[in-house]
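For reference, the chains in residue letters:
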Amino acid sequence: MSWQQLDGLLPSGLKIDEATPEWMNKGDNAWELTAAALVGIQSVPGLIILYGSMVKKKWAVNSAFMALYAFAAVLICWVVWAHEMAFGEKMCPILGQPGFAVLGQKYLLKMDRNGYIPHATYVFYQFAFAAITVILLAGSVLGRMNFYAWMVFVPLWLTFSYTIGAFTIWGSGILESRIIDFSGGYVIHLSSGVAGFTAAYWVGPRLSEDRQHFPPNNIISMLGGAGFLWVGWTGFNGGSPFAANEIASLAVLNTHICTATSLFVWLSMDMLVYKKSSVMGAVQGMITGLVCITPAAGIVEPWAAGLMGAISGSIPWYTMMVLHKKSSFFQKVDDTLGAFHTHAVAGTLGGLLSGILAKPSLLRLYYGNTDRGPGLLYGLIQGELMDGLKQMSFQIIGAVFVASWNVVITSFLCMFLSHFLNLRMDVGDLEIGDDAVHGEEAYALWGDGERSPPYPRRRRLTIPTLCRPC
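Residues numbered from 1 in each chain as written. Predicted model: local features only at pLDDT ≥ 70, side-chain atom pairs only at ≥ 80, totals over all residues. Heavy atoms only, no water.

A. The overall build of the protein, seen in detail. When its secondary structure is counted, the protein shows 19 helices and two strands. A burial count over the protein gives 54% of its 470 residues as buried. Considering only contacts in the protein between residues 6 or more positions apart, those separated by 24 or more positions represent 76%. Roughly 20900 Å² of accessible area belongs to the protein as shown, and the carbon and sulfur atoms make up 65% of that amount. (Helix = DSSP H or I, 4+ residues; strand = E, 2+ residues; numbered from the N terminus. Buried < 20%, exposed > 50% of the residue type's maximum accessible area, 1.4 Å probe, protein only. Contact = heavy atoms within 4.5 Å. Areas by Shrake-Rupley, 256 points an atom, 1.4 Å probe, with all protein chains shown as cover.)

Here is the structure:
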């Protein structure tokens with residue numbers, strides 16, 4: 001039966017027309033656009049609210065604005081050259097050829113190689129990933145990085161760091177057919193955590209007073225931003241199959257299982273050690289759970305997602321709450337929001353656990369005929385131990401490559417920019433905060449960073465009791 005004959009039998013909503021070619025799956029495309037929007041909402045307004053609320057009051061505007069600027073700047077760079085560097089034709093084993101992703105209707109509306117969706121949908125989805133990676137990096141340098149240096153750093157880091165990791169592991173790079181990274185444990189979280197920690201070293205610390213006393217200015221808003229992040233992760237992991245299929249459903253369920261478990265474990269650790277249930281701790285545990293499940297969301301079973309949640313709620317807790325305070329190395333680097341622990345450590349754990357817990361049948365459903373896997377656990381059970389060990393070795397190689405590349409490139413970019421711009425704000429601006437940097441403040445209240453009251457306080461007129469009407 002020809003397409004013309006079949007078209008006559010279909011309901012009007014399913015018929016093929018000029019805007020709906022025969023290769024396009026409307027359900028897949030609708031879901032992928034929704035998933036891309038959810039990932040975008042994680043950044044704007046999610047991380048804008050989270051950063052603006054999680055920092056000291058005098059840095060609320062600056063922190064939120066760094067996230068908003070990065071989102072906009074990444075989009076421009078992405079469609080002009082970066083998308084093709086990450087997912088275009090191979091130029092070398094770790095990088096694609098730079099080129100425009102907005103070459104017109106013929107290019108953007110063709111079928112994407114990853115599924116039955118237009119290429120424009122794929123470009124936008126991958127942009128949302130790239131944008132959130134840069135914004136996560138910003139969490140390490142909040143409260144002191146020169147905003148003008150940040151404006152230049154964003155496109156440079158996207159071009160010379162993010163695109164390399166994305167092409168190598170997701171594009172057509174040397175590790176693309178070997179690494180298990182379902183939705184960005186290495187490409188997004190390990191890279192942002194390591195790059196953020198490295199940038200924090202080169203930028204320098206906050207003022208001593210800020211570093212010792214840096215309370216969140218609005219915990220309720222912080223929870224709202226965290227909520228955008230958690231719920232938005234439905235699209236973050238659920239969109240990676242580029243289809244509304246079984247793997248997408250499993251990825252969504254596993255994401256929430258791991259996150260809830262991680263939050264519970266982190267909260268329990270706080271209560272056992274510090275005898276208090278910390279809201280900040282709960283948010284950190286939520287984030288580590290989201291990050292840890294990301295490279296494995298659609299290729300592990302739900303029980304494995306729960307196990308990963310228990311591990312992501314305990315090991316990053318130890319590195320942040322115990323090891324960080326004892327290590328002189330960690331104390332030298334002022335990682336404002338602890339992105340190294342919540343993203344680099346949790347992302348590495350997720351990547352390594354993917355190499356252990358990945359189920360062969362799920363790997364085939366997601367990757368098709370692949371050289372990946374099985375996970376080390378299933379290799380041991382099925383008598384394929386060497387294959388499991390081989391996969392683990394590739395997971396380790398991937399982690400080392402991404403971490404090393406980001407240390408080197410981020411250091412080089414920071415040293416390069418320091419010749420033209422101050423990476424750190426002047427001390428005077430650091431003492432004042434938003435009002436000095438942007439001439440704006442988050443709240444219309446006097447104190448905590450303002451030079452002087454914005455207007456003289458008016459005395460309230462009090463009417464004597466005898467003059468009041470009965």
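Anyway, onward from the coordinates.
B. Fine view of the nonpolar core. Ranked by size, the top nonpolar core spans 97 residues in total, and within it Tyr51, Trp78, Trp150, Phe153, Tyr162 and Ile188 carry the most contacts. Other than its neighbours up to four places away in sequence, Tyr162 contacts Trp78, Phe129, Ala130, Thr133, Trp157, Trp170, Val187 and Ile188. One finds Ala297, Leu349, Leu357 and Leu362 within the second-largest nonpolar core, a separate group that totals 22 residues. (Core = buried A, V, L, I, M, F, W, Y, C linked by side-chain atoms within 4.5 Å.)

C. Molecular detail of helix 9 (residues 219-238). Compared with an ideal rise of 1.5 Å per residue, which puts 20 residues at 28 Å, helix 9 spans 29 Å between its outermost C-alpha atoms and is within 8% of the ideal. Where helix 9 bends most, the angle comes to about 30°, and this point is Gly232. When helix 9 is considered as a whole, its buried residues turn out to be Met222, Gly225, Ala226, Leu229, Gly232, Trp233, Thr234, Gly235, Phe236, Asn237 and Gly238. Considering only its buried residues, helix 9 is in contact with helix 2 (26-54), helix 5 (119-138), helix 7 (185-203), helix 10 (246-274) and helix 11 (279-293). For helix 9, the N-terminal cap is Asn218; the gap from its side-chain oxygen to the backbone nitrogen of Ile220 is 3.3 Å. (Expected span 1.5 Å × (residues − 1). Bend = angle between axes of the 7 residues up to and from the residue. Polar contact = N/O pair within 3.5 Å; in protein donor to acceptor, adjacent residues only side chain to side chain.)

D. Just the packing of helix 3 (residues 60-87) against helix 6 (residues 147-169), in detail. Across the interface, helix 3 lies against helix 6 with an axial gap of 9 Å and an inter-helix angle of 40°. Taken together, the axes of helix 3 and helix 6 are oblique relative to one another. Considering only the axes of helix 3 and helix 6, their crossing is right-handed. Of the residues in the contact of helix 3 with helix 6, the class split is 22 nonpolar, three polar and no charged. (Axes fitted to C-alpha atoms, helices over the stretch in contact; angles between N-to-C directions. Parallel < 35°, antiparallel > 145°, perpendicular 65-115°, else oblique. Left-handed = near helix turned anticlockwise from the far one by under 90°. Nonpolar A, V, L, I, M, F, W, Y, C, P; charged D, E, K, R; others polar.)

E. Looking closely at the side chain of Ser140. With respect to the element layout, Ser140 can be found in the loop between helix 5 and helix 6. What makes Ser140 buried here is its relative accessible area of 0%. Excluding residues within four positions of it along the chain, Ser140 makes contact with Gly196, Phe197, Ala200, Asp334, Asp335, Thr336 and Ala339.

F. Quick look at the pattern of salt bridges. If you walk through the whole model with that rule in mind, you get seven salt bridges. A single salt-bridge network, built from bridges that share partners, covers Lys56, Lys58, Glu209 and Asp210. (Salt bridge = Lys/Arg side-chain N within 4 Å of Asp/Glu carboxyl O.)

G. Layout of a nonpolar patch on the surface. On the surface, a nonpolar cluster with roughly 670 Å² of combined accessible area is contributed by Tyr201, Trp202, Phe412, Met415, Phe416 and Phe420. At the level of elements, helix 7 and helix 17 (385-418) are the ones that each hand at least two residues to the nonpolar patch. Top element by residues in the nonpolar patch is helix 17. It accounts for three residues. Mapped onto the elements of the fold, Trp202 is located in helix 7. Among the residues examined, Trp202 registers a relative accessible area of 32% and is labelled partly exposed. (Patch = residues over 30% accessible without salt bridge, like charges linked within 9 Å, V, L, I, M, F, W, Y side chains within 5 Å.)

H. Structural view of the packing of aromatic side chains. Counted by the stated rule, this structure contains 27 aromatic pairs. Seen in terms of ring centroids, Phe182 and Tyr366 are 4.5 Å apart; in terms of plane orientation they differ by 40°. Their pairing is tilted. On the criterion of sequence distance, the pair formed by Phe182 in the loop between helix 6 and helix 7 and Tyr366 in helix 15 (residues 360-367) is long-range, its members being 184 residues apart. On the accessibility criterion, Phe182 (2% relative accessible area) is buried. Through a chain of ring-to-ring contacts, the aromatic side chains of Trp78, Phe87, Tyr122, Tyr125, Phe129, Tyr162, Trp170, Trp233, Phe236 and Phe242 assemble into a single cluster. Positioned over the ring face of Phe214 is Arg206, at 4.4 Å from the centre of the ring. Directly above the ring of Tyr367 sits Arg372, whose terminal nitrogen or CZ lies 3.7 Å from the centroid. (Phe/Tyr/Trp six-rings, centres within 6.5 Å; stacked < 30°, edge-to-face > 60°. Lys NZ or Arg CZ within 6 Å of the ring centre and 35° of its normal.)

I. Representation of the packing of helix 9 against helix 10 within the structure. Running from N to C, helix 9 and helix 10 cross one another at 140°; their axes reach a closest spacing of 8 Å. The orientation of helix 9 relative to helix 10 falls into the category oblique. For the crossing formed where helix 9 meets helix 10, the hand is right-handed. The residues of helix 10 that touch helix 9, namely those facing Trp230, Trp233, Thr234, Asn237 and Gly238, are Ala248, Ala251, Val252, Thr255, His256, Thr259, Ala260 and Leu263.

J. Structural view of the state of the cysteines. In the structure shown here, the tally under the stated rule is zero disulfides. Unpaired in this structure, Cys258 has its nearest cysteine sulfur neighbour in Cys292, at a distance of 5.1 Å. (Disulfide = S-S within 2.5 Å.)

K. Up close: the environment of Asp270. Its location among the elements puts Asp270 in helix 10. Along the sequence, Asp270 and Ala282 sit 12 residues apart, while their C-alpha atoms lie 8.9 Å from each other. If we ignore the near neighbours within four places in the chain, the residues touching Asp270 are Lys275, Lys276, Ser278, Gly281 and Trp317.

L. Highlighting the side chain of Thr121. Looking at where Thr121 falls in the secondary structure, it is placed in helix 5. Judged by its relative accessible area of 4%, Thr121 falls in the buried class. Not counting chain neighbours up to four residues away, the residues in contact with Thr121 comprise Asn29, Glu32 and Leu33.

M. Representation of unusual backbone geometry in the model. The omega torsion across Val44 and Pro45 is 15°, close enough to zero to call that bond cis. The residue Pro45 is located in helix 2 in this model. Even without being a glycine, Phe242 presents a positive backbone phi close to 60°. With respect to the helices, strands and loops of the structure, Phe242 is situated in the loop between helix 9 and helix 10. Residue classification places Phe242 among the buried positions, given a relative accessible area of 10%. Positive phi is not limited to glycine here, since Lys275 has a value of about 65°.

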